[in-house]
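Residues per chain, in single letters:
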Amino acid sequence: MGQKYRMLYCAGVSSNRMMSRNLIIFTCLLVITQVTEAELSDKEKVATAAVLAGKEIAKSKKNENPSPKLATIDVTGVDSELKKNIELHMPVAIPECKAERAEVRQFFTTVKKHLRRASRALGYYDSEFVSGGSVVNGCWKLRLRITPGRATKVISQTIKVIGEGSKEKLFLKILKDLPYKKGDVLNHQKYTDFKTQLSEAAQTLGYFDAEFEQHTIRVDPTSYQASVNLVLNTGKRYRYGKI
């Protein structure tokens, strides 16, 4: 007789519905030994058949329910760099090919909300969004045209470190490479990254009470100009005492 594998300590449910379309899941502690078919008990044979049947049912279910095909969306009106940054803020839940029209409208409402926030973070406060779409060959083809508008530019920046640690070499090195040059488009991420650099430097040097006395970006929407103010007061430096 052919060799079989013995399965011990198998906890599960067996019934005359075992071969139905319902997937029966068994949790087993397997002890593998080679035995002859004659040595297998009826319960072990049933358990083995159930596990095999479960695998086939799971495989069949997977084939019956493939991932739904999603709609495509074409973004136009912006250059490659700005487009890339904006697309990072696209919602994850893109409608399916066969989505209802109401769902597509809701998608665009959410998209515009996210992208308006993203555009402002990149220095474009007057961006406009025109959306549309149609069903082609049974699937939604969505369109989104973005008009960035006039960019807000940095006209001045006051960034400095004051306090006991103002002459530390690490701070002086960081301050040599400020986040903006006059006339740069106001990218808020540059401000955030530079602020983080100063905070981390303070922690590294032992200025654990350091705080920003000024940390503002002032934007004039009528002139499309921005001023950046960032002042870090290091406070006193902590040192190890005698142990």
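Residues numbered from 1 in each chain as written. Predicted model: local features only at pLDDT ≥ 70, side-chain atom pairs only at ≥ 80, totals over all residues. Heavy atoms only, no water.

Some points on the pairing of strand β9 (residues 211-220)
In step 1: Pairing of β9 with strand β10 (residues 225-233) involves nine bridges; the strand directions are antiparallel. Bridging from a neighbouring strand, Q214 pairs with V231 of β10.
In step 2: A loop of four residues connects β9 with β10, the two strands running antiparallel in sequence, and Y224 in this loop sits at a positive phi of about 55 degrees. (Pairing = 2+ DSSP bridges. Helix = DSSP H or I, 4+ residues; strand = E, 2+ residues; numbered from the N terminus.)

Re the packing of aromatic side chains
In step 1: Following the criterion strictly, the structure yields three aromatic pairs and no others.
In step 2: Their ring planes at 50 degrees and their centres at 6.4 Å tell us that F171 and Y207 sit as a pair that is tilted. On the criterion of sequence distance, the pair formed by F171 in helix α4 (residues 169-175) and Y207 in the loop between α5 (188-205) and β9 is long-range, its members being 36 residues apart.
In step 3: Looking at K195, its charged tip hangs above the ring of F212, at a distance of 5.3 Å from the centre. (Phe/Tyr/Trp six-rings, centres within 6.5 Å; stacked < 30°, edge-to-face > 60°. Lys NZ or Arg CZ within 6 Å of the ring centre and 35° of its normal.)

Some words on the sheet that holds β10
Across a sheet, strands are paired by hydrogen bonds formed along the backbone, either parallel or antiparallel in direction.
In step 1: One open sheet accounts for three strands, arranged β8-β10-β9; its pairing is mixed. Two strands lie at the open edges of the sheet, namely β8 (153-162) and β9, each paired on one side alone. Strand after strand, the sheet turns through a mean of 5 degrees between neighbouring axes, direction not considered. (Axes fitted to C-alpha atoms, helices over the stretch in contact; angles between N-to-C directions.)

As for the state of the cysteines
In step 1: For the coordinates displayed, the defined rule picks out one disulfide.
In step 2: The side chain of C97 participates in a disulfide bridge whose partner is C139; the two sulfur atoms lie 1.9 Å from each other. Across the S-S bond linking C97 and C139, the dihedral sits near -65 degrees, which makes this disulfide left-handed. Here C97, found in the loop between α2 (80-87) and α3 (101-121), pairs with C139, found in strand β7 (residues 139-147); they are 42 residues apart in sequence, far enough to count as distant. (Disulfide = S-S within 2.5 Å.)

Quick word on the side chain of T152
In step 1: Tracing the backbone through its elements, the reader meets T152 in the loop between β7 and β8.
In step 2: Beyond its immediate stretch of four places on either side in the chain, T152 contacts G123, Y125, D184, V185, L186, V219, Y224, Q225 and A226. (Contact = heavy atoms within 4.5 Å.)

Details of the sheet that holds strand β6 (residues 128-136)
In step 1: Here we have three strands laid out as an open sheet, ordered β5-β7-β6, and mixed in their pairing. With partners counted over all chains shown, the strands left at the sheet margins are β5 (72-76) and β6, one partner each. Adjacent strand axes in the sheet meet at a mean angle of 15 degrees when their direction is disregarded.
In step 2: In this structure, β5 lies alongside β7, joined through five bridges in parallel fashion. Bridge pairing in β7 links T76 to R145.
In step 3: Taken strand by strand, α3 contacts β5, β6 and β7, and its axis lies near 30 degrees from that of β7.

Some details on unusual backbone geometry
In step 1: Of note in the backbone geometry, N137 takes a positive phi value of approximately 55 degrees without being a glycine.
In step 2: Examined against the element boundaries, N137 turns out to sit in the loop between β6 and β7.
In step 3: Residue classification places N137 among the exposed positions, given a relative accessible area of 81%.
In step 4: At Y224, a residue that is not glycine, the phi angle is positive and equals roughly 55 degrees.
In step 5: Position of Y224 relative to the elements: it lies in the loop between β9 and β10.
In step 6: Given the relative accessible area of 18%, Y224 is considered buried. (Buried < 20%, exposed > 50% of the residue type's maximum accessible area, 1.4 Å probe, protein only.)

A look at the pattern of salt bridges
Between side chains of opposite charge, a pair can form as their charged atoms come close.
In step 1: Taken as a whole and judged by the stated rule, the model has two salt bridges.
In step 2: In this structure, the salt-bridge partner of R239 is E164, at a minimum N-O distance of 4.0 Å. Here the residue R239 occupies a position in the segment after β10, and E164 occupies one in the loop between β8 and α4, the gap between them amounting to 75 residues.
In step 3: For R239, a relative accessible area of 63% gives the class exposed.
In step 4: Of the residues examined, E164 reaches a relative accessible area of 44% and is grouped as partly exposed.
In step 5: Linking R237 and E168 is a salt bridge whose minimum nitrogen-to-oxygen distance equals 3.3 Å. Placement of the pair is R237 in the segment after β10 and E168 in the loop between β8 and α4, with a sequence separation of 69 residues. (Salt bridge = Lys/Arg side-chain N within 4 Å of Asp/Glu carboxyl O.)

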